[in-house]
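Read off the chains here:
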Amino acid sequence: MLYSYALWICVMDIDDIQNRRFFLRNLGVLGGGILAATSPWLSIFADVKDTSGERLKLGVIGPGSRGRFLMKFLAKNKKVDIVAIADIYQPSIDEALEIVPTAKVYKDYRRLLADKNIQAVLVATPLNTHFQIVMDAMDAGKHVYCEKTIGYDMDQCKRMYDKHLSTGVVFFTGQQRLFDPRYIKVMQMVHDGVFGEITKVRAWWNRNNDWRREVPEPRLEKFINWRLYKASSKGLMTELACHQLQVGTWALGKLPEKVMGHGSINYWKDGREVYDNISTFYIFNDGRKMEWGSDIANKFYGLEEQILGSVGTVEPERGKYFFEEIAPQPAFLQMIREWQQDIFSDSMFAGTSWMAETAKPNHGEYILGKKPDADGSSLLTEAFVEAAITGRQPAGIAEEGYYASILCLWGHEAICRGEALDFPKEYCIDYDVYGTSEYKTDLA
Amino acid sequence: MKDILITRKRQITELKVWLACLALSVVLNIYAIIAYEAQWTELFTSIGFMLTASVVIYIILLFFRIVWYGVRRLCKRR
C-alpha cells in the first residue's frame, strides 16, 4: 500500500491547491478511517458543501514578515479577498500593499473589526497583543486565524478558547504541521504502530544568529525586536517550541503530566531579556518523555523532531523514517572488513557483532517518497478559508493550537520558577484525543 | 616505440589465472555465506563484489608473478 502511495505521490503536482485537497482525501481513503482519528481536522477538506463560487472577505491585522508570508498564500486563493490590513508600522503596510494593492489600510485594528463586510481576520501581531485583538475580533463575530503562541499566558489562552466556544466563530492557530502532508502521513503510520511502541520524542530548533531585525531608529528597538523582550514575548518557548511540542503530543496521543527545564543567556549578551538557549523535559504519566531544546549560537543540528519507536525512528522535518532492523552488509563484505580489521587494527573490540551493527549506514526512506519541498502553511490557510466560508469549525484544530500554546507557556513557567511543575489541570479542556475530557470531569 | 606482442598462449594462461581468481572469490563468498549465516542468494547478488575481488586477487598475483619472473630471469643471466 505504501509503495503504491509513493508511486502516486511522485506523479502528482503537490503545489496545486486542488491536488492538495485530492491528496488529503486520498490519505483518508488509504488510511481506512484511521486518519480521522489521528488528524480529525482534515475533515474540513471532505466537506460536501460546494464553496467554489464564494469569496471570503478577510482582514489582516499585523502584516509583518509572518503575516505577509501567509498573505501570499491567501492572495493566490480564489476564494479570498484580502480587503483590509491594519498595522502601525508603515514599512510593513507598504510591503503588504505590494501583495494586495487595493486593500484598505487601518492604523487601528478596532476600525478594521468595525467593518461589517469583513468576515474573518488573520492576526499575526506580537505575542502580547494577540489576546485583546482576538477577543475583540471574536466579539465582533469575525472568524479568527491567530498565529501561535495564541496567548501571552495560560489564562489568556483559556479565555480565548472559551470565547471561541461562546461566540461560535471559527478559530484557527498557526500550527501548520497539522496540515503538512508528511506529518499527517507519518502520524497515521505512528498511530498504526508501524514504528512499534513510541518510547520518546526529541525535538530541537537550533540557529546561529542573534534573532534580531534591523532597526531604523533606536526608539523602535523593542517594537521591532519584540521577540527579545519579556514584556512582549517569552522568547524561544513561545516562538519556536509551540510547533514541535504539538508534534510530540500528536505522536503520543496524550498530554504530559510534568515539566522541568532550564534557560539562560549564554552567548547573545546584547541586552535581550529572553533566553538564548533552553532545555526542557516533558514527562508523561507512563514515564515516557518529550525533550525540547533550542540554542541560537550553534546551528549544526538545525531543526528536527525525532519520534523514537521500538521498531523505527521518524524525522519528519527531513521527511524521513528509519527502521531499526536493516539488511546487514553482504557476507562477503563483512568477511573482507573483518580481515581488514584483523590486519590493520590492533583494537580488541572489532568483531562481527560490532561490524554488523555499524557497517551499513541507514539512509531511511522518504515519508512521501521524495524530499519535502513545502510545509503545511498553504493548506492551513486554505482550510481556514473553507472553515470561515462554511462557518464550520474543524474538529480538534482549536484544541491542538490551544494545548500547544499551553505546553509552551507551562514549560516557560517551569524554567522561570526553576521547578518541576505538574500539569495545570485548571487549563484542561474537553478534548478526547488527549483524554483531557476526563480531567475536566474530575475537576468538575 | 616497440609493439608489445601478447601471444595466444599467454592470453589463455592469463585467462586461466583470472578464472582461478574468480573461483577463489566464489569459494570465499561461499565460506562467508556459511560463516555469517547469510542467504544463499548472495551467491548471485554479490557477483559484483566477487568480480572485483577476482580482479584484485589477479593484480596481487600478477605483482608476485612479475617479481618471480624477474628474479628467475636474473638468476638465469648469472
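This text goes with the structure placed above it.
Residues numbered from 1 in each chain as written. Chains lettered and ligands numbered in written order. Predicted model: local features only at pLDDT ≥ 70, side-chain atom pairs only at ≥ 80, totals over all residues. Heavy atoms only, no water.

### So, the pairing of strand β1 (residues 56-61) of chain A
Taken residue by residue, a regular strand's side chains alternate between the two faces of the sheet.
Residue and element names in this part refer to chain A.
Then comes step 1: Taken across its 6 residues, β1 has 5 buried, putting it largely inside the fold.
Then comes step 2: Bridge count between β1 and strand β2 (residues 80-86): 6 bridges; the pairing is parallel. Bridge pairing in β2 links V60 to I85.
Then comes step 3: Handedness of the crossover joining β1 and β2 through helix α4 (residues 65-76): right-handed.
Then comes step 4: As defined by bridge partners, β1 adjoins strand β4 (residues 120-123) across 4 bridges and the pair is classed as parallel. Paired with I61 across the strands is V123, a residue of β4. (Buried < 20%, exposed > 50% of the residue type's maximum accessible area, 1.4 Å probe, protein only. Helix = DSSP H or I, 4+ residues; strand = E, 2+ residues; numbered from the N terminus. Pairing = 2+ DSSP bridges. Right-handed = clockwise from strand over helix to strand, strands pointing away.)

### Examining a nonpolar patch on the surface
Then comes step 1: Taken together, the side chains of V56, I60, F63, F64, V67 and V71 of chain B make up a nonpolar region of the molecular surface, amounting to roughly 550 Å² of accessible area.
Then comes step 2: Structurally, F64 of chain B can be placed in helix α3 (residues 47-77). (Patch = residues over 30% accessible without salt bridge, like charges linked within 9 Å, V, L, I, M, F, W, Y side chains within 5 Å. Areas by Shrake-Rupley, 256 points an atom, 1.4 Å probe, with all protein chains shown as cover. Salt bridge = Lys/Arg side-chain N within 4 Å of Asp/Glu carboxyl O.)

### Brief notes about the nonpolar core
All names here are of chain A.
Then comes step 1: Core analysis: the largest hydrophobic core is formed by 116 residues, its most contacted members being F172, F179 and W292.
Then comes step 2: The biggest single contributor to this core is helix α15 (residues 397-417), with 12 residues.
Then comes step 3: Ignoring any residue separated from it by four or fewer positions in sequence, one finds W292 in contact with A203, W204, W205, L236, M237, L240, A241, Q244, L245, I278, S279 and T280. (Core = buried A, V, L, I, M, F, W, Y, C linked by side-chain atoms within 4.5 Å. Contact = heavy atoms within 4.5 Å.)

### Side note on the sheet that holds strand β11 (residues 303-309) of chain A
Residues and elements named next belong to chain A.
Then comes step 1: The strand order β14-β13-β12-β11-β7-β10-β9-β8-β15 describes an open sheet built from 9 strands, whose pairing is mixed. Whereas interior strands pair on both sides, the edge strands pair on one side only; in this sheet they are β14 (365-366) and β15 (421-422).
Then comes step 2: Direction of pairing for strand β9 (residues 277-283) relative to strand β10 (residues 289-295): antiparallel, over a ladder of 7 bridges. The residue bridging F281 from the neighbouring strand is E291, located in β10.
Then comes step 3: Across the sheet, helix α9 (residues 181-192) is in contact with β7 (198-206), β11, β12 (312-315) and β13 (320-323); its angle to β11 comes to roughly 20°.
Then comes step 4: Along the sheet, α15 makes contact with β8 (258-264), β9 and β15, crossing β8 at roughly 65°. (Axes fitted to C-alpha atoms, helices over the stretch in contact; angles between N-to-C directions.)

### Structural notes on the packing of aromatic side chains
All names here are of chain A.
Then comes step 1: Summed over the entire model, instances satisfying the criterion amount to 20 aromatic pairs over all chains.
Then comes step 2: Among the aromatic residues, those joined into a cluster by ring pairs are Y161, Y282, Y402, Y403, W410, F423, Y431 and Y434.
Then comes step 3: Over the face of the ring belonging to Y152 we find K234, whose NZ or CZ atom lies 4.2 Å from the ring centre.
Then comes step 4: Above the face of the Y366 ring, K320 is positioned so that its terminal group lies 4.7 Å from the ring centre. (Phe/Tyr/Trp six-rings, centres within 6.5 Å; stacked < 30°, edge-to-face > 60°. Lys NZ or Arg CZ within 6 Å of the ring centre and 35° of its normal.)

### Observations concerning the sheet that holds β1 of chain A
Residue and element names in this part refer to chain A.
Then comes step 1: If you trace the 6 strands from one edge of the open sheet to the other, you get β3-β2-β1-β4-β5-β6, paired in parallel fashion. Both edges of this open sheet fall to β3 (104-106) and β6 (171-173), since each of them pairs with a single strand only. Between one strand axis and the next, the sheet turns through 20° on average, direction left out of account.
Then comes step 2: The sheet contacts of helix α7 (residues 127-139) involve β1, β4, β5 (143-146) and β6, and relative to β5 the element is tilted by about 160°.

### Here we look at the interface of chain B and chain A
Then comes step 1: With 13 residues of chain B at the interface, the matching set in chain A holds 9 residues.
Then comes step 2: Taken together, the two surfaces of chain B and chain A that pack against each other cover about 880 Å², and 81% of this comes from carbon and sulfur.
Then comes step 3: Taken as a group, L28, Y36 and F49 of chain B account for 60% of the area that chain B buries against chain A, more than any other trio of residues on that side.
Then comes step 4: Joining chain B to chain A, the criterion identifies 0 salt bridges.
Then comes step 5: Remark: the boundary between chain B and chain A carries 2 residue pairs in polar contact (both at pLDDT 80 or more).
Then comes step 6: If you list the elements that add at least two residues to the side of chain B that touches chain A, you get α1 (8-35) and α3 of chain B.
Then comes step 7: A total of 6 residues in the side of chain B that touches chain A trace back to one element, the largest contributor, which is α1 of chain B.
Then comes step 8: Tallied by class, residues from the side of chain B that touches chain A come to 9 nonpolar, 3 polar and 1 charged. (Buried area = accessible area lost by both parts, 1.4 Å probe. Polar contact = N/O pair within 3.5 Å; in protein donor to acceptor, adjacent residues only side chain to side chain. Nonpolar A, V, L, I, M, F, W, Y, C, P; charged D, E, K, R; others polar.)

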